[in-house]
Amino acid sequence: ETISFANNQYLEQESFRWKERKHQFTLPPHISHETKEYDLNKKVYAYIPYWIKTNEVHIEWELLSTLIIFSLVVDASGNIVNWHNWPRTDLIQEAHNNGVKVEVCVALFEGNQIATLLNSASNRATLITQLTDIITADNIDGIDIDFEQMNGTELNTFPVFMQELKNSITAVKSSETLTSALQSV
C-alpha cells in the first residue's frame, strides 16, 4: 500500500489510531490517561539530553520517578570540561513541582581517561568535590555516572570511586541517589 502524506484525512486517521493504540496497548493497566490516576510502583528513569530544549518536548511527569539530565562531561583530572547549559533550573524546578526527582548525568567515554581518573585518589577527590557542590547548589536529587569504554585497569577503583562519591553526597543530603550507566561486558 502506498501512503500519501498529502492526504490529510489519512494522517488524521493514523494520528487518531496511534493515540488509541498508545492508550490501549503501551500503558500498564493501572494507568489511565483519562483520569490521570497514576500509580507508579516501579522506579522509572528517563534521560533528557542537553540539546533538547524544555519547550521542545512534552514530558509526561506522572509516568516518571526520576529525570536524568545528560550530561556534564569530565576529564581524566576530575574536572568538568563541558557543562552543556547546566544548571537547567527551569527543568529541575518543573520536575520537582511534579514530584519527579532529578539527577545529573556525568559522562566520560574514553577508556584511558577513565582509568587515569579512577586510578588517582586525587583526581577522584577533585570530581567528587565538584559533584557534591552541584548537589547542594543546584537542588538536585542525585548523580548518574556514565563511564563507557572502561579498559579493565580500573575495575578495582570504580567501586571505590562510587563508594567515595556516595559517602560525600549523602553527607550533604542523606536522601540523594547515585546511579550508573555502564557498557555491557
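Here, every reference points to the structure presented above.
So, here's what we can say about the structure. Here the structure is a predicted model, which is why all the values come from computation and not from measurement.

## What about the packing of helix α4 (residues 121-137) against helix α5 (residues 157-172)?
The contact between α4 and α5 brings their axes to 9 Å, and the two run at 35 degrees. In the crossing of α4 with α5, the sense of the turn from one axis to the other is right-handed. Facing Arg 124, Leu 127, Ile 128, Leu 131, Thr 132, Ile 135 and Thr 136 of α4, the residues of α5 in contact are Thr 157, Val 160, Phe 161, Glu 164, Leu 165, Ser 168, Ile 169 and Val 172. When its residues are assigned to classes, the contact of α4 with α5 shows 9 nonpolar, 4 polar and 2 charged.

## Description of the packing of aromatic side chains
Overall, the coordinates contain 5 aromatic pairs when judged by the stated rule. On the numbers, 4.9 Å between centres and 90 degrees between planes, the contact of Tyr 50 with Trp 51 is edge-to-face. Among the residues examined, Trp 51 registers a relative accessible area of 51% and is labelled exposed. Aromatic side chains Trp 51 and Phe 70 sit 6.5 Å apart centroid to centroid with 80 degrees between the ring planes, which places their arrangement in the edge-to-face category. Of this pair, Trp 51 sits in the loop between β1 (45-49) and β2 (66-74) while Phe 70 sits in strand β2, and the two are 19 residues apart along the sequence.

## A word on the packing of helix α3 (residues 111-118) against α4
Two numbers describe how α3 lies on α4: the axes approach to 6 Å, and their chain directions differ by 90 degrees. Classified by the angle between their axes, α3 and α4 sit roughly perpendicular to one another. Across the interface between the two elements, Thr 116, Leu 117 and Leu 118 of α3 pack against Asn 123, Arg 124 and Leu 127 of α4. Taken together, the residues that form the contact of α3 with α4 break down as 3 nonpolar, 2 polar and 1 charged.

## Thoughts on unusual backbone geometry
At the junction of Phe 70 and Ser 71, the peptide bond is cis and its omega measures out at -5 degrees in the coordinates. The topology assignment puts Ser 71 in strand β2. Trp 86 connects to Pro 87 through a cis peptide bond whose omega is 0 degrees. Mapping Pro 87 onto the fold places it in the loop between β3 (80-82) and α2 (89-97). A positive phi is found at Asn 85, a non-glycine position, where the angle reads about 65 degrees. Relative to the helices and strands, Asn 85 resides in the loop between β3 and α2. Even without being a glycine, Asn 139 presents a positive backbone phi close to 55 degrees. Following the sequence through the fold, Asn 139 ends up in the loop between α4 and β5 (142-147).

Definitions and limits used
- Residues numbered from 1 in each chain as written.
- Predicted model: local features only at pLDDT ≥ 70, side-chain atom pairs only at ≥ 80, totals over all residues.
- Heavy atoms only, no water.
- Axes fitted to C-alpha atoms, helices over the stretch in contact; angles between N-to-C directions.
- Helix = DSSP H or I, 4+ residues; strand = E, 2+ residues; numbered from the N terminus.
- Left-handed = near helix turned anticlockwise from the far one by under 90°.
- Contact = heavy atoms within 4.5 Å.
- Nonpolar A, V, L, I, M, F, W, Y, C, P; charged D, E, K, R; others polar.
- Phe/Tyr/Trp six-rings, centres within 6.5 Å; stacked < 30°, edge-to-face > 60°.
- Buried < 20%, exposed > 50% of the residue type's maximum accessible area, 1.4 Å probe, protein only.
- Parallel < 35°, antiparallel > 145°, perpendicular 65-115°, else oblique.

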